[in-house]
Each structure stands twice: as structure tokens, then as C-alpha cells.
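Here's the letter readout for the chains.
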Amino acid sequence: MKVLHVITGLGAGGAEQQLRLLLRHLPVRCDVVTLTNPGSVADGLRADGVHVRNLGMRGNRDLGAVPRLARLIRRGSYDLVHTHLYRACVYGRVAARLAGTTVVATEHSLGRAEIEGRPLTRGTRELYLRTERLGSATVAVSDTVARRLRDWGVPAARIHTVPNGVDAAAFRFDIGLRRSTRALLGLPDAAYVVGGVGRLVPGKRFDVLIRAVAAVPDAWLVLAGDGPEAAPLRALASRLGVTGRVRFLGECGGAGSAPGVPAVLGAVDLFVSASREESFGLAVVEALAAGLPVVHAACPAVEDLPAGRVPGTTRIGSASGTTGATAELAAALRHHVEGGARRLPPPSAVDHYDIRLSSRRLTDVYAQALDTVTVPPTERAHP
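Notes on the structure in this doc start here. (Residues numbered from 1 in each chain as written. Predicted model: local features only at pLDDT ≥ 70, side-chain atom pairs only at ≥ 80, totals over all residues. Heavy atoms only, no water.)

Below, the discussion takes up the pattern of salt bridges. Per the stated rule, a full pass over the model turns up 16 salt bridges. For aspartate 48, the salt bridge goes to arginine 20, with nearest N and O atoms at 2.8 Å. With aspartate 48 in the loop between helix H2 (40–47) and strand S3 (52–54) and arginine 20 in helix H1 (residues 14–23), the pair connects residues that are 28 residues apart, well separated along the chain. Accessibility expressed as a relative area gives 35% for aspartate 48, which makes it partly exposed. By relative accessible area, which is 21% here, arginine 20 ends up partly exposed. With a shortest N-O distance of 3.8 Å, arginine 112 and glutamate 277 are connected by a salt bridge. You can see arginine 112 sitting in the loop between strand S5 (102–107) and strand S6 (114–115) and its partner glutamate 277 sitting in the loop between strand S13 (270–273) and helix H11 (282–289), a full 165 residues away along the chain. Classification of arginine 112 as exposed rests on a relative accessible area of 61%. (Salt bridge = Lys/Arg side-chain N within 4 Å of Asp/Glu carboxyl O. Helix = DSSP H or I, 4+ residues; strand = E, 2+ residues; numbered from the N terminus. Buried < 20%, exposed > 50% of the residue type's maximum accessible area, 1.4 Å probe, protein only.)

On to the nonpolar core. Nonpolar side chains tend to gather and get buried jointly when the protein is soluble and globular. Counting residues in each nonpolar core, the largest one holds 71 residues, and the members touching the most others are Ile73, Leu149, Val222, Leu249, Leu265 and Phe271. Apart from the residues lying within four places of it in its own chain, the contact partners of valine 222 are Leu185, Leu187, Val193, Val194, Gly195, Gly196, Arg247, Leu249, Val264 and Val268. (Core = buried A, V, L, I, M, F, W, Y, C linked by side-chain atoms within 4.5 Å. Contact = heavy atoms within 4.5 Å.)

The 6 strands lie next to each other as S12-S11-S10-S13-S14-S15, forming an open sheet whose pairing is parallel. The sheet terminates laterally at strand S12 (246–250) and strand S15 (313–315), the two strands that pair on one side only. With strand direction ignored, the average angle separating the axes of adjacent strands in the sheet is 20°. For strand S14 (residues 294–296) and S15, the ladder comprises 3 bridges, and the chain directions are parallel. Within S15, the position partnered with valine 294 by the bridge is threonine 313. (Pairing = 2+ DSSP bridges. Axes fitted to C-alpha atoms, helices over the stretch in contact; angles between N-to-C directions.)

What is shown is where atoms sit, not what they do.
Now the structure itself:
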């Protein structure tokens, strides 16, 4: 089987990193096309031996991208096209239909009121649903996303839940790596360090995390990630007088000097995800694999499992507004700081989200999609 993955961009982000990890385990030949922004993940994919091409899309209304992509699909003789992220799903489904190729899409970032961090509008939803019908299947990364798709009107028979996956071995705690990473980051050996990982965007509410750490004098904070909120968050830390207790690492695991996410998680004592909305919560699962206690707000990866399946996690989110959310999170931080640093055995939920299981489930979706006639030959068009 030969599969072409089409994704909106390949900068450092959860969906992009998940695609790279998945391609290491899928038992099929895969190439990748990015519509735009061939960033650090593109470099990582090439290092893994994956052929990556940049379509060079000039904007959301670059309609010429559709025939360009259709020609690429046809010339590559792909058995299946797999699209990721909103713009790639819209353009990729149309292009695959024109090329007469079966298409599967993964919905990575659908929230109640946002998609990929942007407000959901009537037009956005309508365009999504119109193009969704051109595909054979839509993959949801969590049961929560599957429910949202059904609520939108996507037929249940077309929805397949394939959770995001992690390579748990990569996050296994290593005391030597902990010490060296703390020394690299200038963290005192005895400091109680809180960690946060993700794109620095408003929806992740890293501002609430910084404010909460400022209210707990014994807590330090390490933030791994980059994004448009980087400068405002640094300014906030400065205004609150906690610059000395906060480490902004930027993008991790690339060509720069910042350690990778597994090293960061090994160096901290508590993981916090204060996101207002999530479609899965991959960083939380990675933290659990590292043996960390976790404080989280929205996190389908935890909430979709039976109660008690994920010990070591604390749910927040009952308070509204920045002030209330900060006070609630600060109380949770104090509780953990007072209890002292501790490492936990990874819960069984980590095995549930093994990337190898995700790969097998997705391979089954591919097989089912290819077994279903979705584009009769008489309806196939050629640009």
C-alpha cells in the first residue's frame, strides 16, 4: 500500500509531531505533502527517511493548490490519501476526489467552539461538512472528538476513533538525565519544578499557569514550546516578578540547544495542562508515561477513560475567569509542593495509548476504506 499524507504545515505542533511518530510505525509506504510551512517537523521526517514535498500554497484562497495537489496524487500512483488539519482536509479531499483516489482524514483539533485554536463559524463548519462527504472515513483522535463530529451531522458509520499514541519507552524516567537537564536549565537540585508543554497560544492558558506559579513562592516553572504568545508570557512573568523562577525553553528537540520533551519531563516534578479546550491532550499522556503527577483542565485522553483508570491526575476547571482559574490552580500547586516531589508508576492508560496500537487501528481503517467503493469510475474527474 502506498499512502500520501497531506498536512497543512509542518511546524512544531501536536498533530505534526504525531504524524512523524505514526509514520515510524505504519506498515505501509508513506510520503508527505505539506501545503505550506515546511518547518522543523519536515526536517525530522526527512531525517527519518520520509519523502516530504512543499506544495507552496500561498494562502487560504490559493485555489490553484487543488489541481497541483491532484496532479501530484495521480503521478504518485497513491492507493490512498490521508489528510491532517482543517485546510489540508478541505483541499486534500477535493484534490483526491479529482485524482480518483480514496481519501481518509484525521480530525486532530475539533473543540466545542474552536477548531485548531480558531473560532468555529457557520462558514467553517459548512465547508468542512461539504468536503467531508468526499472522503471514505473521518478519524477522530478521541471519543470526545467523535461525539462532536456526530453532533455536527457526520454519519456515525463514517467516523472511526483512533486515539493519538505515544512511545512510552522514550519517556521512561532516567535519574541521570534528570540531573543533567536540571543543570543545563539552571534549576536547583531541591527546587519543586512545574512543567508545561505546548504551543504558546491563548487557548493553552499558560498565562494562568504563570500567575499560579507566581502565587506559590516555592514553585519553579519550565515552559517548553513556542508560539505567538511567547513575548506576552515573558512580559507577564517579568511584571509578576517571577522571571528568575520561570524557564522559557522555546521549541524543544530541534537543532537548538533546548532539551527534548522527554528530558524536560524527566526534570520536572509536576505537569500542568490548563488548556481551555483539547481534542486529546497528548502532552498529558506523555507526562504520565514519565511518571509525573498531573493537574489538568480539559483532557479527553483522561476524561474518556473509565473513572479511576488514570491515578495521579487532578482535574481543575470549576472556576471561571482568569482570577478564579488562577486561584484554583494555585491551590492545586500548593498541595503538590507541600507533598514533595514523587515519581509514580505509569498508569495502564499509557499502554492504552501505545503508538503501535494506534498504527494497527489506522491500518484497519485504511483497509476498510480501500474495500469500499467511494468514487465510481464514471464520476472521476481530471483537472
